[in-house]
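Given next are the chains, with one letter for each unit.
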Amino acid sequence: MMHALPSGVIMSLTLQANSYCTAHGLRRRNPIYTANRFRRLCGKISAEQLTVEHVEQFRAACKAAGLRPATIENGVTDLRCIVKHATGRDLPPGRRLRLPRPAPKPVPLSDLSAVYNAAPAWVQKYLALQFWTAARVSDCLSLLTASPGNELRWTASKTGAAHVCPVPIWLKRHLAMPAALPRGLSSGWMIKQLRRALTTACEAAGVARFTPQQVRQRGLTEWSQSNAMAAQVIHGSGLGVMAHYVDPLAVLQSAAGSVRLPLAFCTAEERAADDLPDIIARLDPDARSLLMETARRLA
């Protein structure tokens, strides 16, 4: 373990992590948790003193403590960001751990619909938002009190990236729903309440328990099947150079009508009201003429 620094000589890593979070407007305080973990496992140190040898010591200590490789490498990234913010120095990452290949398990649409029907109003509201926006769970909980306008805008608590999403008719109804939200002192407490409520609803619906992450995975899967560019926009991974030329909201609006929804999320009238304008917009001129002629005959 490294020797502790004399008190007051230099700013601690935790204080520098707090400065980093404040400067970047991060609501999720993961860098602070990482700094505290470093102090517990490796001793007290400042960003100015951190070297690649300290990174490797931290990595080894985390492995010995039984942390997952992804958690450890996210912590190393936090350390590098703190050092960059405090000193302007690029801290080498050391020897990265091999991460297991992701194996997404999106909740089936039918299970999502069944649990929706068995859940209290605030959880129904959450499920609709999580599926449609594919936002992280803490951001979804913040959006539960959003106004039912034509679009949703938020800043991701983890990355600080700006997000935008269209609001179809069925989601407007959800946003306008009166729902008594559990009130707690932190987003962590709210997430615990959500997980408990989801477990209860899964048991009541008779389906396998699923997590908020699996709801997000299902939303992203459905957006990707609708339009690959829309999936990139909704995820927040970015459009690369196209971001200088393409309106992300327009991309999502064009793809929204093709996104499959859980049956319980909207009424037949809402589904038709959302689908019909999008279907007409995608018809070629001959098909539009045929549709107009059919409508005249029916009239």
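Our subject is the structure listed above.
Residues numbered from 1 in each chain as written. Predicted model: local features only at pLDDT ≥ 70, side-chain atom pairs only at ≥ 80, totals over all residues. Heavy atoms only, no water.

Draft legend 1. Seen up close, helix H4 (residues 69–87). With 19 residues, H4 extends 27 Å from end C-alpha to end C-alpha; this agrees with the ideal 27 Å at 1.5 Å per step. Burial in H4 covers these residues: Ile72, Glu73, Gly75, Val76, Asp78, Leu79, Ile82 and Val83. The elements touched by buried residues of H4 are helix H1 (13–23), helix H2 (30–42) and helix H3 (52–64). In the segment just after H4, glycine 88 is the residue with positive phi, at about 80°. (Helix = DSSP H or I, 4+ residues; strand = E, 2+ residues; numbered from the N terminus. Expected span 1.5 Å × (residues − 1). Buried < 20%, exposed > 50% of the residue type's maximum accessible area, 1.4 Å probe, protein only. Contact = heavy atoms within 4.5 Å.)

Draft legend 2. How the structure looks around the nonpolar core. Judged by nonpolar contacts, the single largest core of 55 residues is most densely connected at Leu127, Trp132 and Trp223. For this core, the element with the most residues is helix H6 (residues 121–133), which contributes eight residues. Apart from residues no more than four positions distant in its own chain, leucine 127 is found in contact with Leu112, Val115, Tyr116, Leu198, Phe210, Val215 and Phe265. (Core = buried A, V, L, I, M, F, W, Y, C linked by side-chain atoms within 4.5 Å.)

Draft legend 3. Local environment of helix H9 (residues 187–205). In this model H9 runs 26 Å from its N-terminal to its C-terminal C-alpha over 19 residues, within 8% of the 27 Å that 1.5 Å per residue would give. Turning to H9, its buried residues are Met190, Ile191, Gln193, Leu194, Ala197, Leu198, Ala201 and Cys202. Residues of H9 that are buried sit in contact with helix H5 (109–118), H6, helix H7 (137–143) and helix H10 (212–226). Of the residues trailing H9, glycine 206 is marked for its positive phi of about 75°.

Draft legend 4. Spotlight on the pattern of salt bridges. Summed over the entire model, instances satisfying the criterion amount to seven salt bridges. For the salt bridge of glutamate 73 with arginine 59, the shortest nitrogen-to-oxygen distance reads 2.8 Å. Within this pair, whereas glutamate 73 is found in helix H4, its partner arginine 59 is found in helix H3, the two being separated by 14 residues in sequence. Residue glutamate 73 is classed as buried on the basis of its relative accessible area, which comes to 5%. Here arginine 59 falls in the buried class, since its relative accessible area comes to 2%. Linking arginine 153 and glutamate 151 is a salt bridge whose minimum nitrogen-to-oxygen distance equals 2.6 Å. (Salt bridge = Lys/Arg side-chain N within 4 Å of Asp/Glu carboxyl O.)

Draft legend 5. Looking closely at unusual backbone geometry. Unusually for a residue other than glycine, alanine 134 sits at a positive phi of about 55°. Under the relative-accessibility criterion, alanine 134 is labelled buried at 1%.

Draft legend 6. Highlighting the packing of H10 against helix H11 (residues 228–235). Their axes nearest at 7 Å, the elements H10 and H11 cross at an angle of 150°. Two secondary-structure elements touch here, H10 through Arg216, Leu220, Trp223 and Ser224 and H11 through Ala228, Ala230, Ala231, Ile234 and His235. Classifying every residue of the contact of H10 with H11 gives six nonpolar, two polar and one charged. (Axes fitted to C-alpha atoms, helices over the stretch in contact; angles between N-to-C directions. Nonpolar A, V, L, I, M, F, W, Y, C, P; charged D, E, K, R; others polar.)

Draft legend 7. Quick peek at the pairing of strand S1 (residues 151–155). The alternating pattern of S1 places Leu152 and Trp154 on a buried face, while none of Glu151, Arg153 and Thr155, on the opposite face, is buried. Pairing of S1 with strand S2 (residues 162–166), which is carried by five bridges, proceeds in the antiparallel orientation. In the sheet register, leucine 152 faces S2, and the bridge partner there is cysteine 165. Where S1 folds back on S2, the antiparallel hairpin that results is connected by six residues, among which glycine 160 adopts a positive phi of roughly 75°. (Pairing = 2+ DSSP bridges.)

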